[in-house]
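Examination of the molecular architecture
What follows is each chain in one-letter form.
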Amino acid sequence: MFKDLFQKKRKYATIPSERLGTAGQPQEGERPKREIPEGLMNKCAKCGTIQYSKELEKNLKVCQECGHHMRLNALERIGMTLDETGFEEFDADMISVDPLKFPGYAAKLEQQTMKSGLRDAVVTGQGTILGQPVVVAVMSFDFFTGSMGSVVGEKITRAIEIATDKRLPLIIFSTSGGARMQESILSLMQMAKTSAALARFNEQGGLYISVITDPTTGGVSASFATLGDINIAEPGAVFGFAGRIVIEQTIRQKLPDDFQTAEFNLAHGQLDMVIHRKDMRSMLGKLLEMHAVKGGF
Amino acid sequence: MSGVLPFETPLAEMRKKIEELKQFGQEKGIDFTDEIARLEERYSRLEEEIYSSISPSQKMHLARHQQRPTSLDLIQLIFTDFIELHGDRLYGDDLAVVGGLAKLNGVPVTVLGQQRGKDTKDNIARFFGSPHPEGFRKALRLMQQANKFNRPIITFIDTKGAYPGNTAEERGQSEAIARNLREMSTFGVPIVCVVIGEGGSGGALAMAVGNRVLMLEHAIYSVISPNGAASILWKDASKADQAAEAMKITAQDLLEMEVIEEIIPEPKGGAHRNYEETASAIQSALIRHLTELSAMDACELKEDRYRKFRKIGEFDFAKNEQQDAIM
């Protein structure tokens, strides 16, 4: 039954499009077409197989040859996961400032918006999955490598607070290179802020499912991404604190090939499960349903 | 004078000249009193000039000074009756984190610190002060104990960051840090944290979710080490000094951004010049803050800590024409 829901050609959950058309934002014509991100054909970064982009889209951007899960933009993820109607976005117009006057930051922010069509690295809101209401936060690697600055921290904290107030379950889809250097200490403090908000949510008995997608590292991995009641990852997703290159450079340690993959983390007890993208929506639906039965949340 | 930093070289050279002159006078029986007095005066002026304008990158070198007092040095001087407790009860005992019971001004407290080594051998045993998950979990265990027995928690922050390595990753470095961040926000006892040297990234923060966060005058606290930032931003780790300037990592910057509550003054030239003076300044700040916090009950302390971190972050809202029309 869930499979049918998937194969149906679904549009993305509704996001008010006018928010993309304001001053300083890319105009309609220049926005990258998300339907065919890299032209007609697409080459898998892992196995090199070339496939039709349209076919790839149908396959939820999972390589038909090797099963490699390609990275998704936040809006694509919302479209694949939430029910088609009824998504209401929170804080859609929140934008980053340049509090430290960091060299090159302001220009880079503008460029990232052009590239991704997003205002920052997370989209938050409320919607339903298989009919069950849920607050979601979905990170996007294509905006500034999903880095967490003040906006990401604030939007996620607000989403957690809304879930706490409304007594709704919470799902955060993480993908991030870590804290955003250009906001320095303010970025670091977002780790404490989001984790403290999760503590309150937790004390109240709220269900938090953390979905870890490729890659999730640094400040995001060491805060809300690991704090789920249930931690799920997509196959092959890199998930860890210090990146491979950092480790190899600082302590010159030889690292295993599967280092920090979802499977590595599952084997070391850091995850509850690794779930294929095609089964993610139904798994989330099941988990939500199991926690809804008791009443309360 | 050992442990001279590059920016202190003029001072060291002048000091050497004064000593030479003194010795020469003694040997030859010539009276250089006036000359020496003049030189001493010039020395103090230069000292004032150099130490009143220490740049962020110079502070970075001061904060990492090999002779800078470590957590254990300060614990011995600030507290009495320190009893060290060990282990996380899950895997091992990480020597990069020390902790235990102690008395501050006669009152029992739980004290924790990140511990650099005093020499190479000690540094290897303590992983250069970079904790593994078991270090953070030991800290958590001792903090939970403090919460149970209603003791204030004091932490000293001094780490380049959480240990980056395969073993740390296998045992859940991210989870250990994240859990501390979450749990520290729930304790009903006062938590005061002092950055005494380098506050490096998540590894520092994992023990620094306090009602009050204080910093020694020349301590630094940052999201990533300036070396790391330089290699990522400009693909050149040698630009660490430039990154240190851009990243606003000094105690003075953090006070201005309202991330910390207070700067604790250091002896002239830095904490390593006088351990006792440094310890005494920290001690009086700790007593003052804990006295203030003791007026709050468990709920208020929790709320106070939540608010402290909740308000950090700067952002804006895009001008939305549609919204303006509605308004």
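What you see is a predicted model, and the numbers here were worked out from it, not measured in a lab. (Residues numbered from 1 in each chain as written. Chains lettered and ligands numbered in written order. Predicted model: local features only at pLDDT ≥ 70, side-chain atom pairs only at ≥ 80, totals over all residues. Heavy atoms only, no water.)

This next bit is on a nonpolar patch on the surface. Taken together, the side chains of Leu 40, Met 41, Ile 50 and Tyr 52 of chain A present a nonpolar region at the surface, about 430 Å² in accessible area. Summarising the element assignment, Met 41 of chain A is placed in strand β1 (residues 41-43). (Patch = residues over 30% accessible without salt bridge, like charges linked within 9 Å, V, L, I, M, F, W, Y side chains within 5 Å. Areas by Shrake-Rupley, 256 points an atom, 1.4 Å probe, with all protein chains shown as cover. Salt bridge = Lys/Arg side-chain N within 4 Å of Asp/Glu carboxyl O. Helix = DSSP H or I, 4+ residues; strand = E, 2+ residues; numbered from the N terminus.)

This next bit is on the UniProt feature "domain: CoA carboxyltransferase C-terminal" (unreviewed entry) in chain B. Per the UniProt record, the feature "domain: CoA carboxyltransferase C-terminal" (unreviewed entry) sits at residues 38-292 of chain B. Structurally, residues 38-292 of chain B is divided into 45% helix and 19% strand, and its ends, taken at the C-alpha atoms, are 47 Å apart. (UniProt positions renumbered as here; feature names shortened; annotations may be inferred.)

Here we come to the nonpolar core. Most often, soluble globular proteins keep nonpolar side chains buried together rather than apart. In this structure, Ile 171 and Ile 232 of chain A together with Phe 79, Phe 156, Tyr 221, Ile 282 and Leu 286 of chain B are the most contacted members of the largest nonpolar core, which totals 155 residues. Here this core takes 10 residues from helix α6 (residues 184-203) of chain A, the largest share from any one element. Setting aside its immediate chain neighbours within four residues, Phe 156 of chain B contacts Ser 71, Ile 75, Ile 78, Phe 79, Val 111, Leu 112, Gly 113, Gln 114, Val 194, Ile 196, Ile 282 and Leu 286 of chain B. (Core = buried A, V, L, I, M, F, W, Y, C linked by side-chain atoms within 4.5 Å. Buried < 20%, exposed > 50% of the residue type's maximum accessible area, 1.4 Å probe, protein only. Contact = heavy atoms within 4.5 Å.)

Enumeration over the complete set of coordinates arrives at 8 aromatic pairs over all chains. Ring geometry for Phe 24 of chain B and Phe 32 of chain B: centres 6.2 Å apart, planes at 25°, overall stacked. With a centroid separation of 6.1 Å and an interplanar angle of 90°, the aromatic rings of Phe 315 of chain B and Phe 317 of chain B are classed as edge-to-face. Note on Phe 315 of chain B: relative accessible area 25%, which makes it partly exposed. Classification of Phe 317 of chain B as partly exposed rests on a relative accessible area of 32%. Within the aromatic cluster, the residues linked to one another by ring pairs are Tyr 105, Phe 143 and Phe 144 of chain A. A cation sits over an aromatic face here: Arg 200 of chain A above Tyr 306 of chain B, 3.6 Å from the ring centre. Across the ring face of Tyr 91 of chain B, the terminal group of Arg 171 of chain B is positioned such that the distance to the ring centre comes to 3.8 Å. (Phe/Tyr/Trp six-rings, centres within 6.5 Å; stacked < 30°, edge-to-face > 60°. Lys NZ or Arg CZ within 6 Å of the ring centre and 35° of its normal.)

Quick look at the domain arrangement of chain A now. Residues and elements named next belong to chain A. Domain boundaries in chain A define domain 1 (40-70) and domain 2 (71-291). Here the C-alpha centroids of domain 1 and domain 2 sit 23 Å apart. Residue-level contacts link 6 residues of domain 1 with 9 residues of domain 2. Approximately 730 Å² of surface area, both sides summed, lies buried where domain 1 meets domain 2, with 57% of it carried by carbon and sulfur atoms. Broken down residue by residue, the surface that domain 1 buries against domain 2 is led by Leu 60, His 69 and Met 70, which jointly contribute 74%. On inspection of domain 1 and its partner domain 2, the count reaches 1 salt bridge. The partner of Lys 61 in a salt bridge is Glu 76, with the nearest N and O atoms 2.8 Å apart. (Domains from an automatic or database assignment. Buried area = accessible area lost by both parts, 1.4 Å probe.)

Let us now look at the interface of chain B and chain A. On the side of chain A, 60 residues touch chain B, which itself brings 52 residues to the contact. Across the chain B/chain A interface, buried area totals approximately 4,900 Å², and carbon plus sulfur atoms make up 66% of it. Looking at the side of chain B facing chain A, the largest losses of area belong to Arg 182, Tyr 306 and Arg 310 of chain B, adding up to 14% of the total buried there. The interface formed by chain B and chain A includes 4 salt bridges. Close ionic contact of Arg 200 of chain A with Glu 303 of chain B constitutes a salt bridge, the shortest N to O distance being 2.7 Å. Viewed at the interface, chain A and chain B are joined by 17 residue pairs in polar contact (both at pLDDT 80 or more). Split by residue class, the side of chain B that touches chain A holds 25 nonpolar, 14 polar and 13 charged. Sheet topology places strand β4 (residues 94-96) of chain A next to strand β9 (residues 315-317) of chain B; 3 bridges connect them, and they run antiparallel. In the strand pairing of β9 of chain B, Met 94 of chain A is matched with Phe 317 of chain B. (Polar contact = N/O pair within 3.5 Å; in protein donor to acceptor, adjacent residues only side chain to side chain. Nonpolar A, V, L, I, M, F, W, Y, C, P; charged D, E, K, R; others polar. Pairing = 2+ DSSP bridges.)

Attention now goes to the pairing of strand β2 (residues 97-104) of chain B. Residue and element names in this part refer to chain B. Burial analysis of β2 places 6 of its 8 residues in the buried class, which makes it a mostly covered element. Sheet topology note: the strand β1 (residues 80-84)/β2 ladder contains 3 bridges and is antiparallel. Across the sheet, Ile 83 pairs through a bridge with Leu 101, a residue of β2. Taken together, the 8 bridges between β2 and strand β3 (residues 107-114) define a ladder with antiparallel strand orientation. Within the sheet, the bridge partner assigned to Ala 102 lies in β3 and is Val 109. Hairpin connection of β2 to β3: 2 residues between the antiparallel strands, including Asn 105 at a positive phi of 55°.

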